[in-house]
Amino acid sequence: MKKLYEKSEIWFAVAWIIAYCVLLSVGDNLSASLGVINVATFPIALLLTVVLFLFLKRNDLLESYGLCKSKVPAAKMLFYIPVLVMLTTNLWYGVGIYVSPLEAVCYALTMFCVGFLEEVIFRGLLFNAMRKDGVKSAIIVSSLTFGIGHIVNLFNGSGAELLPNLLQVVYATAAGFMFVMIYYRTESLIVCIVAHGVFNALSVFVNEAEVTDVMRILSCVFLIVICGGYGAYIAKSEFENKKE
């Protein structure tokens, strides 16, 4: 793994994206066959999380990939209020426990691992590898690959339906843009990891029976406005500072 990293940071990031998508899809399929949500996915996600973290730590790369304190005061980031607003969307249409306690725990823990993995892989590894050849193109690629990557949920045994998944691809692209701008501005992934994990974990409490397609579309539009708007605000502030 170290040799691949030293040879090409981009291919190292791509290798992690492939490994992540394939192994978590295997976990989702195994979980489905066992009849317990994420019971097999969580150990796989945890293993990948530990392996990636230890690799970065042993090679003194934690700070290089954003696993450190923010370099920018929260006040200059609007106290991350748009991120906090984003976290509420999964609770808009009712809250409840619709799975077993074991499934709820497995799901929540898996989502926190997913938050870590996706932020470090897409924002840390991929964005950092590409920014050397152009920051703006790296921002676009990181955002798009993160969003489009969610299309795998249609085929990995997670049970995703077509419309919700397509909407997820769209708002995930906007969220990816917001997260990459937060990382670019603060040089830290901590807020991104925590927010990503919490947002995903809260989805286990969504009252899906009460959510209509219109509600899903409205939520998607809201997320695009909040995430895209906040990302654009950070981008405008950051690039203006670079010019001064």
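Keep in mind that this is a model prediction, so the values were computed, not measured.

**Section: the packing of aromatic side chains**
So, point 1. Under the definition given, this model contains 10 aromatic pairs.
So, point 2. Relative to Tyr-93, the ring of Trp-92 lies with its centre 6.2 Å away and its plane at 85°, an arrangement referred to as edge-to-face.
So, point 3. Three or more aromatic residues link up through ring pairs in this structure, and these residues are Tyr-5, Phe-12, Phe-55 and Tyr-65.
So, point 4. The ring of Phe-146 carries Arg-123 above its face, with NZ or CZ at 4.3 Å from the centroid.

**Describing a nonpolar patch on the surface**
So, point 1. Together, Ile-18, Val-22, Leu-23, Val-26 and Leu-30 line one region of the surface with nonpolar side chains, adding up to about 400 Å² of accessible area.
So, point 2. Looking at where Val-26 falls in the secondary structure, it is placed in helix α2 (residues 9-34).
So, point 3. Among the residues examined, Val-26 registers a relative accessible area of 40% and is labelled partly exposed.

**Quick notes on the packing of helix α6 (residues 135-148) against helix α7 (residues 162-186)**
So, point 1. Where α6 meets α7, the closest approach of the two axes is 7 Å, and the angle between their N-to-C directions is 140°. Taken as axis vectors, α6 and α7 run oblique relative to one another. In this structure, the crossing between α6 and α7 has a hand that is right-handed. From α6, Val-135, Ile-139, Ser-142, Ser-143, Leu-144, Phe-146, Gly-147 and Ile-148 reach across to α7, where they touch Val-169, Ala-172, Thr-173, Gly-176, Phe-177, Val-180, Met-181 and Tyr-184.
So, point 2. Of the residues belonging to the contact of α6 with α7, the class tally is 11 nonpolar, five polar and no charged.

**Section: the pattern of salt bridges**
So, point 1. Enumeration according to the criterion identifies five salt bridges in this entry.
So, point 2. Put simply, Glu-9 and Lys-132 hold a salt bridge, and the shortest N to O gap is 2.8 Å. With Glu-9 in helix α2 and Lys-132 in the loop between α5 (101-131) and α6, this pair connects stretches of sequence that are 123 residues apart.
So, point 3. Of the charged contacts, one joins Asp-213 and Arg-216 as a salt bridge, the two residues approaching to 3.3 Å between their closest N and O atoms. In this pair, Asp-213 and Arg-216 both sit in helix α9 (residues 213-243), three residues apart, roughly one turn of the helix.
So, point 4. The class for Asp-213 is partly exposed, based on a relative accessible area of 42%.

Criteria and cut-off values
Residues numbered from 1 in each chain as written. Predicted model: local features only at pLDDT ≥ 70, side-chain atom pairs only at ≥ 80, totals over all residues. Heavy atoms only, no water. Phe/Tyr/Trp six-rings, centres within 6.5 Å; stacked < 30°, edge-to-face > 60°. Lys NZ or Arg CZ within 6 Å of the ring centre and 35° of its normal. Patch = residues over 30% accessible without salt bridge, like charges linked within 9 Å, V, L, I, M, F, W, Y side chains within 5 Å. Areas by Shrake-Rupley, 256 points an atom, 1.4 Å probe, with all protein chains shown as cover. Salt bridge = Lys/Arg side-chain N within 4 Å of Asp/Glu carboxyl O. Helix = DSSP H or I, 4+ residues; strand = E, 2+ residues; numbered from the N terminus. Buried < 20%, exposed > 50% of the residue type's maximum accessible area, 1.4 Å probe, protein only. Axes fitted to C-alpha atoms, helices over the stretch in contact; angles between N-to-C directions. Parallel < 35°, antiparallel > 145°, perpendicular 65-115°, else oblique. Left-handed = near helix turned anticlockwise from the far one by under 90°. Contact = heavy atoms within 4.5 Å. Nonpolar A, V, L, I, M, F, W, Y, C, P; charged D, E, K, R; others polar.

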